[in-house]
Amino acid sequence: MSPLTITGRDTTTGPVVEVVGDLDYAHATALRQQVERLTLRPGQRLVVDLASLEFCDSSGITALLAARQHAQAAGADIVLSGVPTNTLRVLTIVGLDRVFTIRPDAATA
Amino acid sequence: MCGINQDPEPSGTGDGTGTGTNAVFTALLEDSVEELYESAPCGYLSTLMDGTIAKINTTLLGWLGMDRETVVGRLRFADLLTVGGKLYHETHFAPLLRMRGEISGIALEMKVTGGGRLPVLISSVVKHGSEGEPLLIRTTVFDASDRRTYEEELLRRKQEAEQARAEAERARAEAEQARRQAEADRAQLADALAVLQQSLLPASLPLVPGLETAVHYHTASANRLGGDFYDLFPIDDTRWGFFLGDVCGKGPEAAALTSLTRYTLRAAAFHDPEPAVALTTLNSVLHDRYTATGDPRYCTAVFGIVEPGAEHDQATVRLASGGHPPALIVRAGGQVDSLPTPGGMLVGVLPTAPFTTAEATLAAGDTLLLYTDGLTEARTGPTRKNLYGEEALYAFVAARAPSAPQEVITALTGLLGSFGDGLDDDTALLAFGVPAARPHTLPATDHLR
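Okay, so let's go over this structure.

Quick notes on the rules
- Residues numbered from 1 in each chain as written.
- Chains lettered and ligands numbered in written order.
- Predicted model: local features only at pLDDT ≥ 70, side-chain atom pairs only at ≥ 80, totals over all residues.
- Heavy atoms only, no water.
- Pairing = 2+ DSSP bridges.
- Helix = DSSP H or I, 4+ residues; strand = E, 2+ residues; numbered from the N terminus.
- Axes fitted to C-alpha atoms, helices over the stretch in contact; angles between N-to-C directions.
- Contact = heavy atoms within 4.5 Å.
- Phe/Tyr/Trp six-rings, centres within 6.5 Å; stacked < 30°, edge-to-face > 60°.
- Buried < 20%, exposed > 50% of the residue type's maximum accessible area, 1.4 Å probe, protein only.

**Remarks on the sheet that holds strand β6 (residues 212-218) of chain B**
The strands that make up a sheet pair up through hydrogen bonds in the backbone, lying either parallel or antiparallel. Residues and elements named next belong to chain B. Pairing is antiparallel across the open sheet formed by five strands, whose spatial order is β6-β15-β14-β11-β12. Strands at the two margins of the open sheet, each flanked by one partner only, are β6 and β12 (336-339). When strand polarity is set aside, the average angle formed by the axes of neighbouring strands in this sheet is 20 degrees. The pairing of strand β11 (residues 327-330) with strand β14 (residues 367-371) spans three bridges and is antiparallel. Among the inter-strand pairings, Leu328 is bridged to a residue of β14, identified as Leu369. Running over the sheet, helix α11 (residues 405-419) touches β6, β14 and β15 (427-433) and is turned about 15 degrees from β6.

**Some points on the packing of aromatic side chains**
Describing an aromatic ring pair means giving the distance of the ring centres and the angle of the ring planes. All names here are of chain B. Here the structure, examined in full by the defined rule, presents nine aromatic pairs over all chains. Seen from their ring centres, Tyr217 and Tyr230 are 6.3 Å apart, and the 45 degrees between their planes marks the pair as tilted. A residue pair is termed long-range when its members are at least 10 positions apart, and Tyr217 in strand β6 and Tyr230 in strand β7 (residues 228-234) qualify at 13 residues. Judged by its relative accessible area of 16%, Tyr217 is buried. On the accessibility criterion, Tyr230 (7% relative accessible area) is buried. Considering the side-chain rings of Tyr388 and Phe419, the 5.0 Å spacing of their centres and the 65 degrees angle between planes classify their relative orientation as edge-to-face. Taken as a pair, Tyr388 in the loop between β14 and α10 (390-400) and Phe419 in helix α11 lie far apart in primary sequence, 31 residues in all. An identical accessibility class is assigned to Tyr388 and Phe419; each is buried.

Have a look at this one:
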């Protein structure tokens, strides 16, 4: 089990949140809280960079859905970037590959 | 005394020191017996045998604050005592004195003029005449105030110690009571959890004519309500509803979601047993209850209808999946198929979600298996990068095909056990199938018995 590190930075199009480590039951709440503190403006794009994500369970998916809801409430978009193969497979099984906009990496997002 | 009287040089030496010492001795000699009696550091009194006071010294009169005139010849010894002392004197002191002729160290209390009382120690002796007849009683009285104070202090300390002991005992009893209460609370909570858990899963699967069924539920933690669920229940005379799924999260909140999911699906099945419709209903219910209120919660689920054929030689299955791994069908011929339902969305995330229905026919000897991802997400290595996975599951099942439902479940239960600590999530397994056709002739070995 790896600890979860969440770092944020602002770009011209909106905030980028980088998630490193395990997004599981023990740590998913941290991402939810971090994202809920973000102030998003209409038209902005929230990028959740998952390139260094090592594990994601249903709690992690819940946190991603909460982030999506937070963005939508502000009139902003949400993009998942650098989704690891395992997590992409899970997102596809549960149909969320069609709910989230998914980009290869944070730069193209 | 003799030595002093015979001092050869009472004053002749002129030695100042010697003269001073002699003066002290002279003063002692002048201390008459009468003076000694009256001013002794203890009380003296003599009484007639009936107790009438004949003589009393000044020391005792001073202690009692009385005049000699009011005492001598007028009062008896017992009159000087407190009520309690008088009683004790009458019942113990006097009879014992008459019997033994002497008595010593008896604690009594004497009345002091003005209302006080004086604790004393009394010793008495009977003086006899030449013929041995008792003449009078001589009594000494010692002031026992200090001793009484000391005894009272001892008593007080003893009472304090006893009180402290009693308080310690009470505290211990309270702690014991609290411990028992905590244990009772824990037991009650465990009971409540067990009852809740039972409300989330069927106690046992019903008997379905024409179908063999088997199930296994692995709980990751005895103290935690499970987040997986399954059910199998009759819809009408020919059709049976079934579902299996996994809610997000853990603990009581997951259990509440499981409960809502289970009873929504059961109710929806009676309203419209079309699988995609039942999941759509569940999606609306969960979305309105959770996600729409800012608390995204969801489940994955497979919901289906199975209709065994009238001849019990096959069964028709229609099922829809909401974000759940596809069902497996272990064919009688040994082949393993999946029953994909592409596009099935997590249930409860979106206000409207697409669900597609798939259909399959189970022939005799075919077994359909539903599972939750506790099985495929079990760790097979030290990290979460080594998960069991669907490919391994398919290979495991195929290696044992064909298998009846109970055989599949038994083999997978053994597989779950082999994961050890790698299995850290709840896992539900549900299998059903049409029994393989029985051979019409019994094996030869049976004929030989």
